[in-house]
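Listed below, chain by chain, are the residues.
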Amino acid sequence: MKKIITIFILGLLFCGCACKKEEMAKVEVTNVAVPTSLEKETKPKEMVVINYKDFPLDKNNKEVWVKKVKTGKADVVVINDEELKVDVLNVKSDVSSYYFKKQVNVDIDKYGIVSWKWKVKTNPKGGDVRKSATDDQAIQILFAFEGKYIISYIWDATAPAGYSKDSSIPFIVAQKILVLESGDEKLDQWLEIRRDIKADFKKLYKMEAPKLAGIAVQANSQHTKTKCEALLSPIT
C-alpha cells in the first residue's frame, strides 16, 4: 500500500491507467561494466538531463529537487567519486522509503537516448519487486512523462534483469517497472546503463512517447526492514 501511495504522489507531482501487477513482455536489457572514468563519447541525440550541482537547492537557495519521505528518513548526499571523477549521488536507506524528484522539459523526439552509471553497494536483503511484501530496491530511476506516464528502471535484489510489470493506479497514473540489473554479483561496480526511452515507452505503452516532464531517484527498504546503499552518476 505504501508503494502504491508513493506512485500516486509521483504521478500527481509530475504531471494516466489500470491497477495491475502483472509480468509484461520482456524489454531488451543490455548493461555494460564501466572500468574507471566517465569518458566523453559522441552519442547521437543525447543531452545532459540531470547533474547534481543544484541538489537539493540551487545557488539562490531555491528547492530544485523536491523530497518526499514515506517511511524513515531520506539519506542522500552528493560526493565526488574518485573513479568517475564527477559528482554523484550517494543514496542510502535504513528501513525507509523516499524519493527526490526534479522537473524537466525534454523533447523525446530530439533527445530519446539517456544514459547513466550506477553502483549498488548493498541490496536490501530479500528484496523482490514481484511481491508487494518485499518490494524494496537500493536504487530506482523514474522517468515521468506528460500525461502521467512513468517508466521506472530498477536494480532489484532478486527479480531477473528483463522482468517488467505494470504498477499503475486506475485513472490516476500509469507506471511500468523494468528490472535492468539483478542480484549481488556486480555489487561495488560501476555499470553503464543506456536506454532509448522513446523506444521503451512505445514498447511498454503501445504509443508514442510524450515529452519527458520529470526524473526521480528513489530508494526503499521498509518492507524488508533492511539497509541498502547505491551511487548514481549524472544522467545524460
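This structure is a prediction, so every number in the text was calculated from the model and none was measured. Here the residue numbering is sequential within each chain, running from 1 through the sequence in written order. Reporting in this predicted model follows two pLDDT cut-offs: at least 70 for local features of residues, and 80 or more for side-chain atom pairs to be given and counted; totals over whole chains, interfaces and linings ignore these cut-offs and use all residues. Side-chain metrics rest on all non-hydrogen atoms present in the structure, leaving aside hydrogens and water.

What about unusual backbone geometry?
Here the amide bond leading from Phe55 into Pro56 is cis, since omega sits at -15 degrees, within 30 degrees of zero. As for its position among the elements, Pro56 is in the loop between strand E1 (31-33) and strand E2 (66-71). One non-glycine residue, Phe171, lies in the positive phi region at around 65 degrees. Looking at the element boundaries, Phe171 is found in the loop between strand E9 (164-166) and strand E10 (174-182). Helix and strand definitions follow DSSP, with helices as H or I runs of at least four residues and strands as E runs of at least two, each counted in order from the N terminus.

Regarding the nonpolar core
Counting 44 residues, the largest nonpolar core has Trp116, Trp118, Ile139, Ile141, Phe143, Phe145 and Leu232 as its most contacted members. Residue contributions to this core peak at five residues, all from strand E7 (residues 137-145). Beyond its immediate sequence surroundings of up to four residues, Ile141 is in contact with Trp116, Trp118, Ile151, Ser152, Tyr153, Ile215, Ala216, Val217, Leu232 and Ile235. For the purposes of this section, nonpolar cores are sets of buried Ala, Val, Leu, Ile, Met, Phe, Trp, Tyr and Cys residues that join through side-chain atoms within 4.5 Å. Only protein chains enter the accessibility calculation, which uses a 1.4 Å probe; a residue whose area is less than 20% of its type maximum is buried, one above 50% is exposed, and one in between is partly exposed. If you look at the next biggest cluster of nonpolar residues, it comprises seven residues, including Leu142, Ala144, Ile150 and Ile169. We call two residues in contact whenever any of their non-hydrogen atoms come within 4.5 Å of each other.

A closer look at the pattern of salt bridges
Opposite charge on two side chains makes pairing possible when the charged atoms of those side chains draw close. We count a salt bridge whenever a side-chain nitrogen from Lys or Arg sits within 4 Å of a carboxyl oxygen from Asp or Glu. Tallying each qualifying case throughout the model produces 12 salt bridges. For Lys202, the salt bridge goes to Glu208, with nearest N and O atoms at 2.9 Å. On the basis of relative accessible area, Glu208 is assigned to the partly exposed category, the value being 43%. Via salt bridges that share partners, Lys117, Glu192 and Arg194 belong to a single interconnected network.

A word on the layout of surface pockets
Grid points spaced at 1 Å and placed over the protein atoms alone form the basis of the search, with a cavity being a set where a 1.4 Å probe fits but cannot get out and a pocket an open set showing protein on both sides within 12 Å along at least five of seven lines. Lining residues have an atom within 4 Å of a point. Grid points are joined across faces, edges and corners, and a volume is the space filled by probe spheres set on the points. Counted as a void, the second largest pocket has a volume near 150 Å³. Taken together, Gly72, Lys73, Asp75, Lys92, Ser93, Asp94, Ser96, Thr122, Lys227, Cys228 and Glu229 form the lining of the second largest pocket. Of all the secondary structure elements, the ones that give two or more residues to the lining of the second largest pocket are strand E4 (86-94) and strand E13 (227-232). Per-class residue counts for the lining of the second largest pocket are one nonpolar, four polar and six charged. We call Asp, Glu, Lys and Arg charged. Ala, Val, Leu, Ile, Met, Phe, Trp, Tyr, Cys and Pro are nonpolar, and the rest, Gly among them, are polar.

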